[in-house]
Amino acid sequence: MARLTGFSRLIITLVIVAGLFFLARKFLPQLGFGGSDPAVATQTQTSPGGGTDISTAPSPSSANSAPAAGTSVGGTNWAAKPFNYTATAPTGGKLKGVVELGATGFNSFIVRIDGQKNWKLEKAEYGASLVYEKLATDDDIRQGLKRYIADMLAFGVGPGDIHFVISSGAKKVEITGKIIETLRSMKYVVNEVTPEREGQLALKCALPKSYEGQAFVVDIGSGNTKISWMKGGAVTAFEAPGAKYFQNGMTDDAVYNQVKGLANNIPGSVRGTCFIIGGVPFELAKQTRSGKERYTVLKSPAGYNAEGEKQRAGLNIYRGIADATDCRQFVFDWDANFTIGFLLGL
C-alpha cells in the first residue's frame, strides 16, 4: 500500500465503499437501502370488463374494505346463473293500494290480487319527499298523500282498500314521528312494521311459491337491510345495516364483516337462489335489464363500478352476502316491495 500513489489509494477506497454499499442493499433492506415494500407493491389483474387493470395491492388490514365510489368492489367476479320463471297472473281479483313511507320518501303501489294470493302490479309511483334528509314539511306530507290517494281512487281502488305503511328504516329518522302524527290527524290508520316483520313481508311478496324452502330474500334499503328465508313452513328474518350506513359513522370493514357474519346463518339448502329488492339492487338491475322483463339477474358485486356513496355501500353489503353464501344467482324483482307483502297478508 505504501508504494501506491495517492490516486491509486483513492480508487481502491472507492471500490471498497461501493462493494459495502451493494452488500448492505442486498442483505439489509430493512435499513432503507432500496427494495420494494410488500404493502405497496403493484399488481396486475383482469378488470370486470376484460381489460388489464394496474392497481395498488391493499395491505392485509384493508383487504376487505369497500372501495371509493367509481371503482369496483373487488372480490370474486362470477358468471351469474340464468333464471327462467314466469309469475302466475291473478284470475280476476281486486285492486288494492298501499302508500309506503320509506327512508327516502313516499312510494305507492296498486296491485290486483285474487283469492289464491296471485298478484300483479298495476301501477307504481316512487316519490322523493327527502324524508331521510329531514327536509319534509307538514304541507309536503299532506299534499303528497292527498295526491297519492286521488290517483288511486281515479285508478279504481276503493277508499277502504288504500293502506299506509311506515318502513322500519323510516322509523329510525327523527322526523318520521311527526309524519305519523300528521297522518293520524288526517284520520288515517298507520301500520308500523319492525325490521323482522318487514323481512317477512318482503319474503311473502318476492319469494315465488315454487321456491319456498329453496331460496332466500334480501331487501337492501337505505335505513337497513332485511334478510329472510323459509324453512319447514317457518319464516326467519333479521336486520343488517342499510345502504346509508356511512351517515351513521359505520366503516365499510365493520359493515362487511357484520353482514357476512349474519348471512352465515342462512341454511345451505336455501342458498342456491336469492331474490333481491331495494334501492341499490334497483340501480344495478337498470344497467342490464332486457326490455320490460320482470326478473333481472344481477352480475357479481365485482362486476359493478360504484356510482356514489350509497351505491358503493350497497355493493359492500351485497358482497358480504355473496361471500358468506356462495350464491351465484341474485334475481331482482322489478315489481316486488315489502308493502305488497303487507297487502297479501290482509
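On a predicted model such as this, the values are computed, not experimentally measured, just so you know. (Residues numbered from 1 in each chain as written. Predicted model: local features only at pLDDT ≥ 70, side-chain atom pairs only at ≥ 80, totals over all residues. Heavy atoms only, no water.)

A. Examining the overall build of the protein chain more closely. Per the secondary structure count, the protein chain includes 8 helices and 13 strands. Here the contacts in the protein chain between residues at least 6 apart in sequence split such that 68% fall between residues at least 24 apart. A total of about 17,000 Å² of accessible surface is found on the protein chain, and carbon and sulfur atoms cover 53% of it. (Helix = DSSP H or I, 4+ residues; strand = E, 2+ residues; numbered from the N terminus. Contact = heavy atoms within 4.5 Å. Areas by Shrake-Rupley, 256 points an atom, 1.4 Å probe, with all protein chains shown as cover.)

B. View of the packing of helix α2 (residues 138–155) against helix α3 (residues 176–185). Orientation of α2 relative to α3, taken along the N-to-C sense of each, is 50°, at an axis distance of 10 Å. Between α2 and α3, the angle is such that the two are oblique. Once α2 is placed against α3, the crossing between them reads as right-handed. Mapping the contact onto sequence places Asp 138, Ile 141, Arg 142 and Leu 145 in α2 and Lys 178, Ile 179, Thr 182, Leu 183 and Ser 185 in α3. For the contact of α2 with α3, the residue count by class is 4 nonpolar, 2 polar and 3 charged. (Axes fitted to C-alpha atoms, helices over the stretch in contact; angles between N-to-C directions. Parallel < 35°, antiparallel > 145°, perpendicular 65-115°, else oblique. Left-handed = near helix turned anticlockwise from the far one by under 90°. Nonpolar A, V, L, I, M, F, W, Y, C, P; charged D, E, K, R; others polar.)

C. View of the sheet that holds strand β7 (residues 190–192). Read from one edge to the other, the open sheet built from 5 strands follows the order β5-β4-β3-β6-β7, with strand pairing classed as mixed. The sheet is open, and its two edges are formed by β5 (119–126) and β7, each paired on a single side. Neighbouring strand axes in the sheet, compared pairwise and without regard to direction, differ in orientation by 25° on average. As paired elements, strand β4 (residues 105–113) and β5 share 7 bridges and run antiparallel to each other. Across the sheet, Val 111 pairs through a bridge with Leu 121, a residue of β5. Set on the sheet, α2 makes contact with β3 (94–102), β4, β5 and β6 (162–166); between it and β4 the angle comes to about 15°. (Pairing = 2+ DSSP bridges.)

D. Spotlight on helix α7 (residues 309–325). Its 17 residues place the ends of α7 25 Å apart at the C-alpha level, agreeing with the 24 Å of an ideal helix rising 1.5 Å per residue. Most of α7 sits inside the fold, with 14 of its 17 residues counted as buried. Asp 326 occupies a position one or two residues after α7 and carries a positive phi of about 60°. (Expected span 1.5 Å × (residues − 1). Buried < 20%, exposed > 50% of the residue type's maximum accessible area, 1.4 Å probe, protein only.)

E. The arrangement of α2 in detail. The first and last C-alpha atoms of α2 sit 26 Å apart over 18 residues, in line with the 26 Å expected at 1.5 Å per residue. Lining the buried residues of α2 we find β3, β4, β5, β6 and α3. One or two steps after α2, the chain reaches Gly 156, where phi turns positive at roughly 115°.

F. Looking closely at the pattern of salt bridges. Enumeration according to the criterion identifies 11 salt bridges in this entry. Glu 125 is the partner of Arg 147 in a salt bridge, and the nearest nitrogen-oxygen pair spans 2.6 Å. In this pair, Arg 147 is assigned in helix α2 and Glu 125 in strand β5, connecting sequence segments 22 residues apart. A residue is classified by how much of its surface remains accessible, and Glu 125, at 21% relative accessible area, is partly exposed. Glu 198 is the salt-bridge partner of Lys 226, the closest N and O atoms lying 3.0 Å from each other. With a gap of 28 residues between them, Lys 226 in strand β9 (residues 224–231) and Glu 198 in helix α4 (residues 195–206) connect regions that are remote in the sequence. (Salt bridge = Lys/Arg side-chain N within 4 Å of Asp/Glu carboxyl O.)

G. Fine view of the sheet that holds strand β8 (residues 215–220). If you walk across this open sheet you meet the 6 strands as β10-β9-β8-β11-β13-β12, and the pairing is mixed. The sheet terminates laterally at β10 (234–241) and β12 (295–297), the two strands that pair on one side only. Strand-to-strand, the axes of this sheet are offset by a mean angle of 25°, without reference to chain direction. Across the sheet, α4 is in contact with β8, β9, β10, β11 (273–278) and β13 (330–333); its angle to β9 comes to roughly 60°.

H. Local environment of the environment of Cys 205. When you line up the elements, Cys 205 lands in helix α4. Cys 205 sits 87 residues away from Asn 118 along the chain, and the two C-alpha atoms are 9.9 Å apart. Other than its neighbours up to four places away in sequence, Cys 205 contacts Trp 119, Ala 336, Asn 337, Ile 340, Gly 341 and Leu 344.

I. Geometry of the nonpolar core. Grouped together as the largest cluster of nonpolar side chains are 34 residues, with contacts concentrated most on Phe 216, Val 218, Ile 276, Leu 298, Tyr 318, Ile 321 and Phe 330. Sorting the residues of this core by element identifies β8, β9, β10, α5 (252–263), β11, α6 (279–286), α7 and β13 as the ones contributing at least two each. The element best represented in this core is α7, accounting for 7 residues. Formed by 29 residues, the second largest nonpolar core is a distinct cluster that contains Val 217, Phe 338, Ile 340 and Leu 344. (Core = buried A, V, L, I, M, F, W, Y, C linked by side-chain atoms within 4.5 Å.)

J. Examining the packing of α5 against α7 more closely. Their axes nearest at 8 Å, the elements α5 and α7 cross at an angle of 35°. For the crossing formed where α5 meets α7, the hand is right-handed. Of the residues in α7, those touching α5 at Asp 252, Val 255, Tyr 256, Val 259, Lys 260 and Ala 263 are Arg 312, Asn 316, Ile 317, Arg 319, Gly 320, Ile 321, Asp 323, Ala 324 and Thr 325. Class assignment for the residues of the contact of α5 with α7 results in 7 nonpolar, 3 polar and 5 charged.

K. Main features of the pairing of β8. Of all 6 residues in β8, 6 are buried, a share of seventy percent or more. Covered by surrounding structure in β8 are Ala 215, Val 217 and Asp 219 together with Phe 216, Val 218 and Ile 220, the residues of both alternating faces. Here β8 pairs with β11 via 6 bridges, running parallel. In the sheet register, Asp 219 faces β11, and the bridge partner there is Ile 277. Relative to β9, β8 is paired through 5 bridges, and the arrangement is antiparallel. Within β9, the position partnered with Val 218 by the bridge is Ile 227. The turn joining β8 and β9, which pair antiparallel and follow one another in sequence, is formed by 3 residues.

These values are about where atoms sit, not about what they do.
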